[in-house]
Structure formats: structure tokens, C-alpha cells
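# Fold and contact review
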Amino acid sequence: MQNIQSALQSANLAGKVKVSTAIDSGFIANSFPPSNGVFSSSTYMNPIINFLRNNGSPLLVNIYPYLAYTGTPGINLNYALFTSPGTVVTDSNNGLQYQNLFDALVDAVYAALARAGTPQMEIVVSESGWPSAGGNETTISNAGTYYRNLMRTSRKRGQAIETYLFAMFDENLKSAGVEQHFGIFTPNQQPKYQLNFS
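Under an unreviewed UniProt entry, the name given to the protein chain is Glucan endo-1,3-beta-D-glucosidase, and the source organism is Saponaria officinalis. According to its UniProt record, the protein chain has this under Sequence similarities (unreviewed entry): "Belongs to the glycosyl hydrolase 17 family."

### As for unusual backbone geometry
Cis geometry marks the peptide bond from Phe32 to Pro33; its omega dihedral reads -10°. By the element assignment, Pro33 lies in the loop between β2 (28-29) and β3 (38-39). That bond from Phe166 to Ala167 is cis: its omega, 10°, falls within 30 degrees of zero. The phi dihedral of Asn30 is positive, around 55°, even though this residue is not glycine. Secondary-structure assignment places Asn30 in the loop between β2 and β3. Residue Phe82 is not a glycine yet carries a positive backbone phi of 65°. A relative accessible area of 12% means that Phe82 is categorised as buried.

### So, the nonpolar core
Of all hydrophobic cores here, the largest spans 50 residues; its most connected members are Phe39, Leu59 and Trp130. Listed by contribution, the elements that provide at least two residues to this core are α2 (42-55), β4 (59-62), α3 (65-71), α4 (77-80), α5 (101-115), β7 (123-128) and α6 (140-153). Of the residues forming this core, the biggest block, 10 residues, is contributed by α5. In this structure Phe39 touches Ile23, Phe27, Ile28, Met45, Ile49, Leu59, Ala112, Leu113 and Ala116, once residues within four positions along its chain are discounted.

### Describing the environment of Glu171
Relative to the helices and strands, Glu171 is located in the segment after β10 (163-165). The partly exposed category is assigned to Glu171, whose relative accessible area is 30%. Taking C-alpha positions, Glu171 is 32 Å from Gln2, a pair spaced 169 residues apart along the chain. Beyond its immediate chain neighbours, meaning those up to four positions away, Glu171 contacts Phe166, Glu179 and Gln180.

### Regarding the pairing of β4
With three bridges joining them, strand β1 (residues 22-24) and β4 adopt parallel strand pairing. Paired with Ala22 across the two strands is Leu60, which belongs to β4. Here β4 runs beside β7; their pairing, made up of four bridges, is parallel. Considered in β7, the bridge of Val61 is made with Val125.

### Digging into the environment of Asn136
The topology assignment puts Asn136 in the loop between β7 and α6. For the pair Asn136 and Met121, spaced 15 residues apart in sequence, the C-alpha separation works out to 35 Å. Among residues more than four places away in sequence, those in contact with Asn136 are Tyr66 and Thr70.

### What to know about the packing of aromatic side chains
Under the definition given, this model contains 12 aromatic pairs. Summarising the aromatic geometry, the rings of Phe27 and Tyr44 are spaced 5.3 Å apart at their centres and angled 15° between planes, so their arrangement reads as stacked. Remark: Tyr44 occurs in helix α2 and Phe27 occurs in the loop between β1 and β2; sequence separation between them is 17 residues. Assessed through its relative accessible area of 25%, Phe27 is described here as partly exposed. Centre to centre, the rings of Trp130 and Tyr146 are 5.6 Å apart; their planes meet at 35°, and the pair counts as tilted. Residue Trp130 is located in the loop between β7 and α6, and its partner Tyr146 is located in helix α6; the two are separated by 16 residues in the primary sequence. Judged by relative accessible area, Tyr146 falls into the buried class, the value being 0%.

So, how was this worked out
- Residues numbered from 1 in each chain as written.
- Predicted model: local features only at pLDDT ≥ 70, side-chain atom pairs only at ≥ 80, totals over all residues.
- Heavy atoms only, no water.
- UniProt positions renumbered as here; feature names shortened; annotations may be inferred.
- Helix = DSSP H or I, 4+ residues; strand = E, 2+ residues; numbered from the N terminus.
- Buried < 20%, exposed > 50% of the residue type's maximum accessible area, 1.4 Å probe, protein only.
- Core = buried A, V, L, I, M, F, W, Y, C linked by side-chain atoms within 4.5 Å.
- Contact = heavy atoms within 4.5 Å.
- Pairing = 2+ DSSP bridges.
- Phe/Tyr/Trp six-rings, centres within 6.5 Å; stacked < 30°, edge-to-face > 60°.

Given below as C-alpha cells:
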């Protein structure tokens, strides 16, 4: 990142192009309740955070409620799919209430940033998605529900959170399992479900 930033500065593009890196939400320890979020390795994360802060860049984070749902016993499927009828989880430290796992995971990253001394750093969700086959609760219906609800609800502090869907196409050449099935389209370019991007 430092070398790329230096090259941008040499080309007088430093203020026009932001340099960042993506982290997996697995870098967050103690993500429940969200206000307990902390980076699992400050030795690794502190230089990254300092670089981003010094250059006004956002932190890119891959947020996958599906992986949290399948990896953590007791998480309700409706909570992971944004379909909970009411508040499901209350953060016992600050009283904030969460109706979906995505918001809770994002807030755990914000809490980790605050503990690292950068509470105002912007987060960009660089990847999020739900597989349509290959594992538990991986149906076309669940994947479509997740993507549609994600596009309607990814907000923080009244602002939209810049979020990127993973992925455009299924990756049929990957090893068998969920990794093959995150696409909105099949490899032959057929949509698996209808999404409205307007």
C-alpha cells in the first residue's frame, strides 16, 4: 500500500485515488455483542489502520453473515437473512438493538476501529453474499432473499454503506461446495433470481 501511495503521489493522483486493503471479518474477535468488537491482532492491524487514517482511505471489510450463521451455533436463520419480524439481539453494553446479523457484524468492525483509535474511519463492505447451493440453508430462495434485503438495508448512522455483492457469476471451476455458488448468475449467464438495482 505504501508503494502504491508513493506512486500515486508521484503522479499527482494521491487525492483522487484511495489506496486500501480488504480484511475478512474473521479479524474481529469478540464480535458479540457488537460493542465488544476488537481486532484479533493489533500487531497486524495497527500499521494498516494508521496508513488508512493518514491517507483518508476507508477500510474494506468482507462481511458474510452466511459464514457466521453456519459457524456459530444458535444464530437464527431469519436474523442472518434480514427477515426477523422484530428486534432479535440487544447489545448489553449500549442497548443498541439489531434486527439482522449484517448490521451487527458491521458494528463489531466499527467497535474494533474505535478501540484502535479510529472511530470515524469509513468502512466499505468489499464483499457480501449468500450461496445458493453446496451447504446448509443454501437455496436459491435464501440467496435471493439475502441479496434483496442487503440492498435495501445496508446503512449506518443514516448513511448508505458502500457494499459490493459477491459475486456476479457462480464459479463452477472451484472445488465442490458453497464457494462455487455465490453468483447472482450461473456460469452460462442466466439469472438465478430477480434483483432490482434501481
